[in-house]
Amino acid sequence: MRLGRARLGAALLVATASALWRGEPSASASPAGSATRAPALSDEACIACHADAARTWQGSMHHASASNSAYETAVYAEPLAFCRRCHAPHGDPSRETGEAARQAGITCTTCHLRSGDARTVLASPRAGPVSAPHGVERSTALGQAVCARCHEFDFPDARGERMQKTATEHRASAYAAVSCSSCHMPAAGGHRSHAFAASRDAAALARAVSVDADRNGDRLRFILEPRGVGHAFPTGDLFRRLTLTVVTEDAAGRPLATKRRYFGRVFGPARSGGEIVRREIADERLFTRTEVNFSLDRRADPTTVRWQLDYERVAFSPTRHPEEAVVEGSVTLARGTLGPPP
Ligand code: HEC
Ligand code: HEC
Ligand code: HEC
Ligand code: HEC
Ligand code: HEC
């Protein structure tokens with residue numbers, strides 16, 4: 001049985017995706033009166049004037065947020081306003097997403113305009129004069145609070161359990177003082193990349209964790225260490241995990257045994273006021289340097305040990321046994337071989 005993102009036995013109530021602006025101090029640099037005189041800005045206008053940002057955004061998952069096949073399959077199974085409000089912000093969430101909103105996805109205006117003001121563009125703090133033909137409001141909100149509107153939210157049954165919690169993880173990390181955009185929008189030809197490749201960038205994923213493997217007789221020790229990750233690894237969607245696989249082989253190269261360790265969020269049912277609700281039972285993702293130990297079965301006489309660390313997308317498993325989850329996609333981040341002890 002496959003369960004969707006939102007469901008786990010409990011009845012669904014449609015909750016508001018946190019589309020509200022969280023107040024943050026900001027400095028307004030809009031020319032006096034521009035808010036009333038200038039025409040309202042549209043995505044077409046932004047794209048026409050800002051070709052560099054538009055080009056990288058075109059290939060991003062933000063642009064494809066309502067039209068990629070994983071989302072379309074998932075929202076077909078769970079056709080909720082809750083999903084559409086965030087993935088298809090230009091559509092009417094109460095009905096199937098129309099073609100224009102589906103193609104648009106999350107756009108320039110979604111991130112750069114505050115609701116109710118279509119003339120002043122939100123930009124990051126920077127010194128110097130503004131030469132834009134539109135109002136510009138400089139605020140740290142763009143690179144962080146704007147992200148948190150969508151990258152932190154509860155399950156739709158509104159019981160306070162987080163479906164994604166990247167902003168909270170970020171606040172608790174060693175990089176709390178570094179904005180999301182500082183890491184996720186590298187400079188590209190004098191502009192800031194809007195590609196947000198992240199989990200589709202296999203090389204970046206591999207750089208995000210180091211693995212140190214060591215064998216001492218029948219004892220194996222792995223040190224996993226996230227590198228420059230400003231939150232849990234993996235973060236975001238709940239169907240992500242890292243899997244460390246260890247396979248022992250005999251002298252002829254025949255596999256003897258396979259062991260695995262998973263680093264993901266573990267959910268399970270819990271009782272609350274006579275109802276069964278979903279609860280996070282454990283969060284076993286990587287936050288800091290983590291040591292993992294395995295002991296080999298000496299009687300099987302293992303000669304060679306092959307190991308690998310994979311970044312996996314899985315389908316939700318109704319059981320708490322991570323080995324029963326269906327793996328829908330994976331990227332190998334690191335692998336190696338540990339020979340027999342000398
Ligand atoms: C008529 C052309 C035009 C339109 C339309 C336009 N911009 Fe601009 N924008 C400019 C120019 C010119 C500047 C100043 C030079 C620069 O930074 O590129 C600017 C500046 C900016 C900046 C500040 C860059 C900095 O200094 O930090 C941002 C952010 C921005 N625009 C985003 C947008 C967004 C988002 C839209 C649509 C909602 C938009 N612009 C619409 C021409 C335009
Ligand atoms: C997911 C949110 C998001 C979307 C979507 C988005 N932007 Fe941005 N944009 C940002 C952030 C955050 C920054 C500031 C990066 C920094 O300086 O830390 C930025 C910076 C910019 C800048 C100034 C820096 C530069 O590269 O010149 C421009 C111009 C800009 N965006 C235009 C656009 C346009 C045009 C679109 C649509 C094609 C767009 N943005 C879509 C979040 C977004
Ligand atoms: C309007 C909601 C919204 C806003 C605002 C937003 N995002 Fe996203 N973001 C999404 C959605 C939805 C996806 C995933 C689309 C998909 O995979 O279907 C996504 C994808 C991403 C990814 C790629 C994830 C992956 O697995 O590869 C990164 C990185 C990211 N966002 C960072 C940011 C940052 C940084 C900001 C703020 C500057 C931001 N986002 C603002 C909704 C948003
Ligand atoms: C110190 C740098 C840093 C900061 C700050 C940071 N991230 Fe990341 N993030 C990473 C790295 C590294 C990865 C791994 C893949 C990659 O390199 O893009 C990642 C991955 C992701 C992913 C893809 C899921 C995954 O784990 O593979 C999302 C979504 C994301 N970040 C969102 C955010 C948001 C939202 C914020 C701010 C609340 C943020 N990040 C802050 C470095 C950072
Ligand atoms: C408040 C915003 C928000 C809501 C509500 C939301 N999502 Fe997402 N969704 C995101 C963000 C942000 C990501 C990207 C995180 C990442 O890539 O790790 C994402 C990623 C995804 C992905 C891509 C996973 C992958 O492996 O790349 C799918 C599919 C998806 N969401 C489906 C749904 C469905 C179905 C619903 C409704 C049950 C839903 N989402 C509700 C913000 C939201």
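Residues numbered from 1 in each chain as written. Chains lettered and ligands numbered in written order. Predicted model: local features only at pLDDT ≥ 70, side-chain atom pairs only at ≥ 80, totals over all residues.

## Some words on the environment of His-321
Tracing the backbone through its elements, the reader meets His-321 in the loop between strand E14 (304–314) and strand E15 (327–338). The exposure class of His-321 is exposed, given the 10 C-beta atoms found within 10 Å. Through-space distance from the C-alpha of His-321 to that of Val-266 is 9.1 Å; in sequence the pair is 55 residues apart. (Helix = DSSP H or I, 4+ residues; strand = E, 2+ residues; numbered from the N terminus. Buried ≥ 20, exposed ≤ 12 C-beta atoms within 10 Å, placed from the backbone.)

## Some points on the site of ligand 3
Surrounding ligand 3, one finds 25 residues, the nearest of these being Cys-147, Cys-150, Cys-180, Ala-198 and Ser-199. Those elements giving two or more residues to the shell around ligand 3 turn out to be helix H5 (81–87), helix H7 (108–112), helix H8 (145–151) and helix H10 (180–184). Here the shell around ligand 3 takes five residues from H8, the largest share from any one element. Looking at the shell around ligand 3 residue by residue, the class counts come to twelve nonpolar, eleven polar and two charged. (Near = placed C-beta within 6 Å. Nonpolar A, V, L, I, M, F, W, Y, C, P; charged D, E, K, R; others polar.)

## A look at the pairing of strand E12 (residues 275–283)
Relative to E12, strand E11 (residues 255–272) runs antiparallel, the two sharing eight bridges. Bridge pairing in E12 places Arg-271 opposite Ile-276. With antiparallel pairing between neighbouring strands as the criterion, E11 and E12 make up a hairpin whose turn holds two residues, including Gly-273 at a positive phi of roughly 55 degrees. (Pairing = 2+ DSSP bridges.)

## Observations regarding the site of ligand 1
With respect to spatial proximity, 18 residues lie near ligand 1, and among them Ala-45, Cys-46, Cys-49, His-112 and Ala-132 are the closest. Broken down by secondary-structure element, the contributors of at least two residues to the shell around ligand 1 are helix H2 (43–49), H7 and strand E2 (120–123). Its residues assigned to classes, the shell around ligand 1 comprises eleven nonpolar, six polar and one charged.

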